[in-house]
Amino acid sequence: MSDLTAAGPASVRPIRHDFVFAGDARTYFAICLRTFLLAVVTFGIYDAWGTVERRRYRMGNTRVAGHGFDYHASPIVLLIGRFVAIGVIIGIQLSVTFLPPDILGYISPAFSLLVLFGMPFVVLRSLRFHVRNTSYRNIRFDFVGGYWGAFFVTIVAPFLVGITVGLIFPWYRAKYQNFIWNNVKLGRSGFSLEMPMWPLYRAFIVTAVLGVALTVGYFALAFPGSFHLASALDIGSSVQIELLLVALTLIYGLALAAVMFIFTTALRNTTGRNLKLEGGHSFDSNVRSMKLAWIVLSRGLLATVTLGLLLPWATIQIHRYLVSETALLANGELDRFVAAEVDPGGAAVSEFGAMEGIADGVFSGI
């Protein structure tokens, strides 16, 4: 049993600490611009430093109870990981190009098995790398998940989703969230999560019904050869019809994308509301699907129109909203929590090997 129980009895009313983002888009834009320019000059090498700086800025300015998070990854380790990942890709391409077909026939099955059983290992190492390089008030996070758990959520569960034509997709997402959070620790205290199925399936059904309705309506209005909307509006010019069809397609695409946020939001809120931290601490999440859809899609369109120039601004806008709708419900004062977790001997600080950085090279650039 953790010393976190000293934070207070379970009957004490939780103290709500809202998460806030204290950063600004202008500073983040400057970081991204500097990273881009130096990456061009150094043929992409500096981007490893930029990646760490971007993550550190977002996390350092994400605060709860007056304190931000910190990110400790080494850019050198990230750079090595990227070089290894690029080397593997080049090696595969050269093998496919130059090896005789009969030899490729022998090694292809072995390579497929290597990818099948190697991907969970890579995902697991990448998770450990990011989690273990994160801290809050000088307390390191840790990830203790095992290989077979990662194998199930990355290989077995997606296969089951495929053979059921996506009908168990909410179950798969719940299993994935459970695997992540039930293996995360903050110092000596573990997180726990038991995802209920009904909120996810309800959102999944609503998303599916609205998606089908939008698709049927779109094809009913814009079916090739019988453009009913153009007829209703008495539009006869071929140019006008094409422009109207483009506009209708764009509206359909945006509406369909907005509907998808119903499930995304339900997943986030269900996770947040059921997540616990040892010692009686819990969390809350109240993200609204249509507001998130508006923020993501409108900012995404502006970033696209400006050829990526406003992408840093869009990233901060989205992050700020998600953070603002999240809260920690602390069972007592957090100072007691910190005092219980600090380990002068450094047991909470994990050693970071090069393998974690190599695995992260596959998922770099966040």
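Residues numbered from 1 in each chain as written. Predicted model: local features only at pLDDT ≥ 70, side-chain atom pairs only at ≥ 80, totals over all residues. Heavy atoms only, no water.

Engineer: Now, about the confidence of the model for the protein chain: what can you tell me, with residues and values included?
Structural biologist: Reading predicted coordinates in detail is not appropriate for stretches of low pLDDT. Looking at the protein chain, the pLDDT average stands at 84 and 83% of residues meet or exceed 70. Here residues 343-366 is a poorly scored stretch, pLDDT under 50, and it has 49 contacts once near neighbours within four places are set aside; other chains count. (pLDDT = per-residue confidence, 0-100. Contact = heavy atoms within 4.5 Å.)

Engineer: Account for the pairing of strand β8 (residues 189-193), with residues named and values stated.
Structural biologist: Counting buried residues along β8, four of its five residues qualify, which places the element largely inside the surrounding structure. Between strand β7 (residues 184-186) and β8, which pair antiparallel one after the other, the connecting turn spans two residues, and Gly187 there sits at a positive phi close to 65°. In the sheet, β8 pairs with strand β9 (residues 275-277) via three bridges, with the strands oriented antiparallel. Note on β9: the bridge partner recorded for Phe191 is Leu277. (Buried < 20%, exposed > 50% of the residue type's maximum accessible area, 1.4 Å probe, protein only. Helix = DSSP H or I, 4+ residues; strand = E, 2+ residues; numbered from the N terminus. Pairing = 2+ DSSP bridges.)

Engineer: So what's going on with the environment of Tyr218? Residues and values would help.
Structural biologist: Within the secondary structure, Tyr218 is located in helix α7 (residues 198-222). Among the polar contacts listed, one links the side chain of Tyr218 to the side chain of Thr249, at a separation of 2.7 Å. (Polar contact = N/O pair within 3.5 Å; in protein donor to acceptor, adjacent residues only side chain to side chain.)

Engineer: Go over the side chain of Asn133 with me, naming the residues and quoting the values.
Structural biologist: Along the chain, the position of Asn133 falls in the loop between α4 (101-132) and β5 (134-136). Within the structure, the side chain of Asn133 is placed 2.8 Å from the backbone oxygen of Phe129, a separation counted as a polar contact.

Engineer: Give me the lowdown on the pattern of salt bridges, citing residues and values where you can.
Structural biologist: Evaluated as defined, the whole model comprises seven salt bridges. For Arg34, the salt bridge identified is with Glu53, shortest N-O distance 2.4 Å. Within this pair, whereas Arg34 is found in helix α1 (residues 25-41), its partner Glu53 is found in helix α2 (residues 47-60), the two being separated by 19 residues in sequence. For Asp284, the salt bridge goes to Arg273, with nearest N and O atoms at 3.9 Å. Linking Asp284 in strand β10 (residues 281-285) with Arg273 in helix α9 (residues 238-274), this pair joins segments that are eleven residues apart in sequence. Taking the relative accessible area as the measure of exposure, Asp284 reaches 15% and is therefore buried. Judged by its relative accessible area of 42%, Arg273 is partly exposed. Linked through salt bridges whose partners overlap, the residues forming this network are Arg16, Asp18, Arg273 and Asp284. (Salt bridge = Lys/Arg side-chain N within 4 Å of Asp/Glu carboxyl O.)

Engineer: I'd love a proper account of the packing of aromatic side chains, names of residues and values included.
Structural biologist: Each aromatic ring pair is specified by the distance between its two centres and by the angle formed by the two planes. Taken as a whole and assessed by the stated rule, the structure comprises 21 aromatic pairs. Taken together, a centroid distance of 5.0 Å and an interplanar angle of 40° make the contact between Phe69 and Tyr136 tilted. One end of the pair, Phe69, is in strand β4 (residues 67-71); the other, Tyr136, is in strand β5, and 67 residues separate them in sequence. Taking relative accessible area as the criterion, Tyr136 reaches 6% and is therefore assigned buried. Taken together, the ring pairs connect Phe19, Phe69, Tyr136, Phe141, Trp181, Phe191 and Phe283 into an aromatic cluster. (Phe/Tyr/Trp six-rings, centres within 6.5 Å; stacked < 30°, edge-to-face > 60°.)

Engineer: Please provide a residue-by-residue account of the layout of surface pockets, values included.
Structural biologist: By volume, the largest pocket is sized at about 1,900 Å³. Surrounding the largest pocket, 44 residues form its lining, Met59, Thr134, Trp181, Arg268 and His319 being those nearest its centre. For the lining of the largest pocket, the class distribution of residues is 27 nonpolar, twelve polar and five charged. (1 Å grid on protein atoms, 1.4 Å probe; cavity = no way out; pocket = protein on both sides within 12 Å on 5 of 7 lines; lining within 4 Å. Points joined across faces, edges and corners; volume = space filled by probe spheres on them. Nonpolar A, V, L, I, M, F, W, Y, C, P; charged D, E, K, R; others polar.)

Engineer: Describe the packing of helix α6 (residues 169-181) against α7, and please don't skip the residues or the numbers.
Structural biologist: Between two packed helices, the angle of one axis relative to the other and the distance separating the axes together describe the packing. Between α6 and α7, the least distance of the axes is 9 Å, while the angle of their chain directions is 140°. With respect to α7, the element α6 is oriented oblique. When you trace α6 past α7, the crossing you get is right-handed. Within the contact between the two elements, α6 uses Phe169, Pro170, Trp171 and Ala174 and α7 uses Leu200, Tyr201 and Phe204. In terms of residue class, the contact of α6 with α7 is made up of seven nonpolar, no polar and no charged. (Axes fitted to C-alpha atoms, helices over the stretch in contact; angles between N-to-C directions. Parallel < 35°, antiparallel > 145°, perpendicular 65-115°, else oblique. Left-handed = near helix turned anticlockwise from the far one by under 90°.)

Engineer: Explain the sheet that holds β5 to me, using residue names and the numbers behind them.
Structural biologist: Pairing between the strands of a sheet is mediated by backbone hydrogen bonds and can be parallel or antiparallel. A sheet is described by the order of its strands in space; here eleven strands give the open sequence β1-β11-β10-β9-β8-β7-β6-β5-β4-β3-β2, paired in antiparallel fashion. The open sheet has two edge strands, β1 (15-18) and β2 (20-21), and neither has a second partner. In this sheet, strand β11 (residues 326-330) lies alongside β1 in antiparallel orientation, the contact comprising four bridges. Across the sheet, the residue bridging to Asp18 is Ala327, located in β11. Against the sheet, α2 engages β2, β3 (62-64), β4 and β5, with an angle of about 160° to β4. Along the sheet, α6 makes contact with β6 (139-143), β7, β8 and β9, crossing β8 at roughly 170°.

Engineer: Give a description of a nonpolar patch on the surface that names residues and reports values.
Structural biologist: Taken together, the side chains of Ile45, Trp49, Ile76, Ile80, Phe83, Val84, Ile86, Val88, Ile90, Leu94 and Phe98 make up a nonpolar region of the molecular surface, amounting to roughly 1,000 Å² of accessible area. Sorting elements by how many residues they give to the nonpolar patch places helix α3 (residues 75-98) first, with nine residues. Note on placement: Ile90 falls in helix α3. The class for Ile90 is partly exposed, based on a relative accessible area of 45%. (Patch = residues over 30% accessible without salt bridge, like charges linked within 9 Å, V, L, I, M, F, W, Y side chains within 5 Å. Areas by Shrake-Rupley, 256 points an atom, 1.4 Å probe, with all protein chains shown as cover.)

Engineer: Can you lay out the nonpolar core for me, pointing to particular residues and giving the numbers?
Structural biologist: Membership of the largest hydrophobic core comes to 46 residues, with the highest contact counts inside it found for Phe141, Phe179 and Phe191. Within the second largest apolar cluster, eight residues are counted, among which are Ala258, Phe261, Val287 and Tyr321. (Core = buried A, V, L, I, M, F, W, Y, C linked by side-chain atoms within 4.5 Å.)

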